[in-house]
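# Chain and residue survey
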Amino acid sequence: MIELRAERPDDRGAVLALVHQAFSASERGHTGEAELVDMLDEDCDLIFSHVAESDGKIVGHIALSPMRAKADGAPIRALGLGPVAALPGRQRRGIGSALVAAAHDWAAKEGWQMIFLLGDPRYYSRFGYSVDAAQPFASPYAGPYWQAILLDDSLTLPKAGKADYAPAFARSES
Ligand SMILES: CC(C)(COP(=O)(O)OP(=O)(O)OC[C@H]1O[C@@H](n2cnc3c(N)ncnc32)[C@H](O)[C@@H]1OP(=O)(O)O)[C@@H](O)C(=O)NCCC(=O)NCCS
């Protein structure tokens, strides 16, 4: 039985270990995602941090952070999704999907208009993310993995926009 809940302060060690393990075992290899979670928190930018727990063990984690985004010059309320991780050995059992759904529910209820992410479109398209939705938004991450989803039906895609991740993302790469 998997329970999804907000991260608690005493979860942090297990969350960082899980994120490290999941990315180290992935095709891309470890590129500082665990440190990124900590840096987002230090900056008070970890505004949604949820875990999946099974028998008292943390088996999944997802993070959302605010972005600075504009659509045709007007500010929009946008979030960056990631990192998201499921424990190796517990993957392909719906943990990642459940965490993404929980993040979307929260973001929609809180009135966020868009979510951006960098990831494999083969995975994220199932949740409604598309390269086309992100394409008008300039970003250092623009390219085949740069995707977005519109949560606000009244928002239309701009001719031109810009979307910048929370500062911790740039620091985690340096
Ligand atoms: C990506 C991740 C969070 C998905 O979690 P999960 O619990 O395994 O995912 P789910 O069980 O909800 O979904 C499984 C499906 O996603 C697919 N999938 C998982 N990772 C994928 C990837 N990187 N690219 C394409 N498809 C992927 C699986 O093939 C499976 O597809 P199927 O349902 O058609 O069989 C997990 O695999 C993970 O932690 N990976 C390492 C870290 C990582 O790469 N995070 C994402 C960075 S963008």
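Residues numbered from 1 in each chain as written. Predicted model: local features only at pLDDT ≥ 70, side-chain atom pairs only at ≥ 80, totals over all residues.

## Digging into the site of the ligand
Residues in contact with the ligand amount to 18 residues; listed here are only the nearest, A86, Q91, G96, S97 and G119. Of all elements in the fold, only α1 (12–24), β4 (74–86), α3 (95–109) and α4 (121–124) reach the threshold of two or more residues within the shell around the ligand. Sort the elements by how many residues they give to the shell around the ligand and β4 lands first, with four residues. For the shell around the ligand, the residue count by class is seven nonpolar, seven polar and four charged. (Near = placed C-beta within 6 Å. Helix = DSSP H or I, 4+ residues; strand = E, 2+ residues; numbered from the N terminus. Nonpolar A, V, L, I, M, F, W, Y, C, P; charged D, E, K, R; others polar.)

## Let's talk about the environment of A52
With respect to the helices, strands and loops of the structure, A52 is situated in strand β2 (residues 48–54). Of the residues examined, A52 has 26 C-beta atoms within 10 Å and is grouped as buried. In this structure, the C-alpha to C-alpha distance between A52 and L79, residues 27 residues apart in sequence, is 21 Å. Setting aside anything within four residues of it in sequence, one finds A52 in contact with I2, L4, V59, G60, I95, A98 and L99. (Buried ≥ 20, exposed ≤ 12 C-beta atoms within 10 Å, placed from the backbone. Contact = placed C-beta atoms within 7 Å.)

## Things to note about the pairing of strand β8 (residues 161–164)
On β8, burial follows the alternation: G161 and A163 on one face are buried, whereas K162 and D164 on the facing-out side are not. As judged from the four bridges shared by strand β3 (residues 57–71) and β8, these two strands associate in the antiparallel manner. Across the sheet, A69 pairs through a bridge with A163, a residue of β8. Examined bridge by bridge, strand β6 (residues 137–138) and β8 share two bridges and lie parallel to one another. For F137, the partnering residue across the bridge sits in β8 and is G161. (Pairing = 2+ DSSP bridges.)

## Re unusual backbone geometry
In the segment running from G82 into P83, the intervening peptide bond is cis, with an omega of 0°. Relative to the elements of secondary structure, P83 occurs in strand β4. A positive phi is found at D55, a non-glycine position, where the angle reads about 50°. Its place among the elements puts D55 in the loop between β2 and β3. Even without being glycine, R92 reaches a positive phi, approximately 65°. By the element assignment, R92 lies in the loop between β4 and α3. With 8 C-beta atoms counted inside 10 Å, the residue R92 sits in the exposed group.

## Let's talk about helix α2 (residues 33–42)
Listing the buried residues of α2 in full gives E33, A34, L36, V37 and L40. Around the axis of α2, the buried residues are gathered within 160° of arc, so they sit on the same side. The secondary structure elements touched by the buried residues of α2 are α1, β3, β4 and α6 (168–173). Where α2 terminates, the next one or two residues include C44, which has phi positive at roughly 60°. (Arc of directions from axis to C-beta.)

## Here we look at the nonpolar core
Within the largest apolar cluster, 51 residues are counted, with the highest numbers of intra-cluster contacts made by A78, M114, I115 and F116. With eight residues, the single largest contributor to this core is β3. With residues near it in sequence (within four places) discarded, F116 still touches M67, A78, G80, A134, A148 and A163. (Core = buried A, V, L, I, M, F, W, Y, C linked by C-beta atoms within 7 Å.)

Note that all results are geometric; they support no functional claim without further evidence.
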